[in-house]
Amino acid sequence: MSNHPDTTRDQTQNTVTQRALIAAGVFGFGFSGLIDVLVLHHILQWHHLVSGIYPMYTLDGLETNILADGLFSLAMLIIMGVGAGLVWQSERRTVVPLAVQPLAGAALIGLGVFDVYDAFIDHALLGLHQPVGPGGKSLSWGGQYNPHWIVVSLLFITAGYYVYRTGIQNRSGEREETT
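What you are looking at is a predicted structure, and each value in this text was computed from that prediction instead of being measured. (Residues numbered from 1 in each chain as written. Predicted model: local features only at pLDDT ≥ 70, side-chain atom pairs only at ≥ 80, totals over all residues. Heavy atoms only, no water.)

Peer 1: Would you take a moment to explain the overall build of the protein for this structure?
Peer 2: Helix and strand counts for the protein stand at five helices and zero strands. N-terminal to C-terminal, the α/β element order of the protein is α-α-α-α-α. The buried share of the protein, reckoned over its 179 residues, is 37%. Long-range pairs, those at least 24 residues apart, make up 70% of the contacts in the protein between residues at least 6 apart in sequence. Within the structure as shown, the protein displays about 10,500 Å² of accessible surface, and the carbon and sulfur contribution to it stands at 67%. (Helix = DSSP H or I, 4+ residues; strand = E, 2+ residues; numbered from the N terminus. Buried < 20%, exposed > 50% of the residue type's maximum accessible area, 1.4 Å probe, protein only. Contact = heavy atoms within 4.5 Å. Areas by Shrake-Rupley, 256 points an atom, 1.4 Å probe, with all protein chains shown as cover.)

Peer 1: I tried to follow the nonpolar core on my own but got confused; where do I start?
Peer 2: Side chains of a nonpolar character, in soluble globular proteins, are inclined to be buried together. Counting residues in each nonpolar core, the largest one holds ten residues, listed as Leu34, Val37, Leu49, Val50, Ala68, Phe72, Met76, Met80, Phe114 and Leu128. Of all the secondary-structure elements, those providing two or more residues to this core are α2 (18-43) and α3 (59-93). Looking at which element gives the most residues to this core, the answer is α3, with four residues. What Val37 contacts, discounting residues up to four positions off in sequence, is His42, Asp69, Phe72 and Ser73. Val16, Ala20, Ala24 and Leu98 belong to the second largest nonpolar core, which has nine residues in total. (Core = buried A, V, L, I, M, F, W, Y, C linked by side-chain atoms within 4.5 Å.)

Peer 1: Teacher, can you tell me more about the packing of aromatic side chains here?
Peer 2: Aromatic ring pairs are described here by two measures, namely the spacing of the ring centres and the angle between the planes. By the definition in use, this model includes six aromatic pairs. An angle of 40° between the planes, with centres 6.2 Å apart, marks the rings of Phe72 and Phe114 as tilted. Taken as a pair, Phe72 in helix α3 and Phe114 in helix α4 (residues 100-125) lie far apart in primary sequence, 42 residues in all. Residue Phe72 shares its accessibility class with Phe114, and that shared class is buried. Ring plane angle 40° and centroid distance 6.4 Å describe the contact between Tyr161 and Tyr164, whose orientation is recorded as tilted. Note that Tyr161 and Tyr164 are positioned in helix α5 (residues 147-178) at a spacing of three residues, about one turn of the helix. Given the relative accessible area of 46%, Tyr161 is considered partly exposed. Among the aromatic residues, those joined into a ring-pair cluster are Phe29, Phe72, Phe114 and Tyr117. (Phe/Tyr/Trp six-rings, centres within 6.5 Å; stacked < 30°, edge-to-face > 60°.)

Purely geometric numbers; function is a separate question.
Okay, structure coming up:
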């Protein structure tokens, strides 16, 4: 038998830790980067990681771009794995399951943070790549700053914050009802 009364379990139901939230954000960051490279770079072929430096329309340039995309995919897979591993480790350290909703919100925030990073750092600051369509026509409104993509990214962050806050408020409400 346990020395802890059942009320302790009720009070700690749906735990969430700062470490788990950061880990979920790291997972979301890596997941977004992996989806970006798989969908935009490989499937749609709108750009490659370093297509702003090495042309995608020559064999040598394409080989360099595909290598960079592959290395980037590997890096994002590692980041995603580290995030998932840290969430799993956080789960194992708690007595009760982690609250899913705040973690999902943190992952959405991480997803949006990657997209903001990509738009500001990769596109605008470093000029590594720009989305292009058939015939090399730019798919980006507003040039290298991609304001439409930044708005979408900020919407992901806002949605993630909403999901996180709703989960925290629900958790607080559940605690108050049990005491």
